[in-house]
Amino acid sequence: MKKILLLCDGDNFPSGATRFIKNMREKEPLYVKGLFINPVDVLEMIPVGFIPVSGPYQKLKEEEKLLVEKSREKFIEAFETAGIKYEIHPHIGEWNRELFIKESRFADLVVISEELFCANSIETQPNYFMIEALRASESPVVVVPEKFKCIEHLAFAYDGGKESMHAIKQFVYLFPDLTELPSDFVHIKNEAADEIPERALLGEYTFSHFEAQYTSKLHFDPKKYLTSWLGTKKNVFLVSGSFSRSAVSNTFKKSFADHVIAEHSCPIFIAHFS
């Protein structure tokens, strides 16, 4: 049995993420814990001098609490119907970064909606709040589009470094049944050379764990063309090494993971090394 932490906000109940979890349940028993936050209160995460007008702000907070309750009811219905063990965290209200860090530390996997997470505050994804959650999480995270269907193909972004290998190992641990699917291990770099870092060692590992693996080098800028390449694969699941832990880095330099999330093209698995 694995423990899943489902992160939700307001009435933006993540249907795609819920289908993803139900898909996992077909392979093994799961325990799902729901952590719900108030999307008005998450504005407190923004590092600026935001001082709301007391009266209207309090009214909005009360309205948002009612929306959170509706979302919690959907959560209960979804997992009771599916026969999945669940729990709802008693915390209701503002984003609490330290609480999320602690809860993620004691989970096998965090699941977030690719489109809906805090979308009422900032629609463009990954928004500030998603970036904060991805940076803070102490377990792997799957960001799932609302249009999620079944998974038929795996794609691993590999650069030869410890982050990408850590992500591959975490994926094997969490999704052993998916290793039967066709799997592309791709080293993406906009250069003419065909070399792939430690290709022989990578082959030894993938041969040991994946039934239909293929390693290749793609000669393009992943920030510009990776989503197009992923679009040629049916119902693909992308595995990435890490999402920058620096807020400054994410502000000034977008990674290919940002672009995949922004396009809502496929679920993406992100695992930090430390």
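## Some details on the environment of Asn120
- Topologically, Asn120 is positioned in the loop between strand 4 (109-113) and helix 4 (128-136).
- Of the residues examined, Asn120 reaches a relative accessible area of 48% and is grouped as partly exposed.
- For the pair Asn120 and Asn12, spaced 108 residues apart in sequence, the C-alpha to C-alpha distance is 8.4 Å.
- Here Asn120 is in contact with Asp11 and Asn12, once residues within four sequence places are set aside.

## Some points on the packing of helix 5 (residues 162-174) against helix 6 (residues 199-209)
- Where helix 5 meets helix 6, the axes come as close as 12 Å, and the angle between the chain directions of the two elements is 10°. Put simply, helix 5 runs roughly parallel to helix 6. Together, Met165, Ile168, Lys169 and Val172 of helix 5 and Leu202, Tyr205 and His209 of helix 6 make up the contact between the two elements.

## Describing the nonpolar core
- Membership of the largest hydrophobic core comes to 44 residues, with the highest contact counts inside it found for Phe20, Leu109, Phe175, Phe237 and Phe269.
- Those residues in contact with Phe237 that lie beyond four places of it in its chain are Phe20, Val142, Ile151, His153, Leu154, Ala155, Phe171, Phe175, Leu178, Pro267, Ile268 and Phe269.
- Counting 36 residues, the second-largest nonpolar core is a separate cluster that includes Ile101, Cys118, Ile188 and Ala257.

## Quick notes on the side chain of Lys3
- Positionally, Lys3 belongs in strand 1 (residues 2-9).
- For the buried Lys3, which has no salt bridge, the nearest side chain bearing the opposite charge is Glu103, at an N-O separation of 4.3 Å.
- Leaving out residues up to four positions away in the same chain, Lys3 has contacts with Tyr31, Lys33, Glu103, Phe106, Ala107, Asp108 and Leu109.

## Topic: the confidence of the model for the protein
- Confidence in the prediction of the protein, expressed as mean pLDDT, is 84, and 83% of residues score 70 or more.
- Every residue in residues 41-46 is under pLDDT 50, and counting partners more than four places away or in other chains gives 21 contacts.
- Per-residue pLDDT stays below 50 along residues 245-253; that stretch engages in 13 contacts with residues further than four places along the chain or on separate chains.

Analysis parameters
- Residues numbered from 1 in each chain as written.
- Predicted model: local features only at pLDDT ≥ 70, side-chain atom pairs only at ≥ 80, totals over all residues.
- Heavy atoms only, no water.
- Helix = DSSP H or I, 4+ residues; strand = E, 2+ residues; numbered from the N terminus.
- Buried < 20%, exposed > 50% of the residue type's maximum accessible area, 1.4 Å probe, protein only.
- Contact = heavy atoms within 4.5 Å.
- Axes fitted to C-alpha atoms, helices over the stretch in contact; angles between N-to-C directions.
- Parallel < 35°, antiparallel > 145°, perpendicular 65-115°, else oblique.
- Core = buried A, V, L, I, M, F, W, Y, C linked by side-chain atoms within 4.5 Å.
- Lys, Arg positive; Asp, Glu negative; His and termini not counted.
- Salt bridge = Lys/Arg side-chain N within 4 Å of Asp/Glu carboxyl O.
- pLDDT = per-residue confidence, 0-100.

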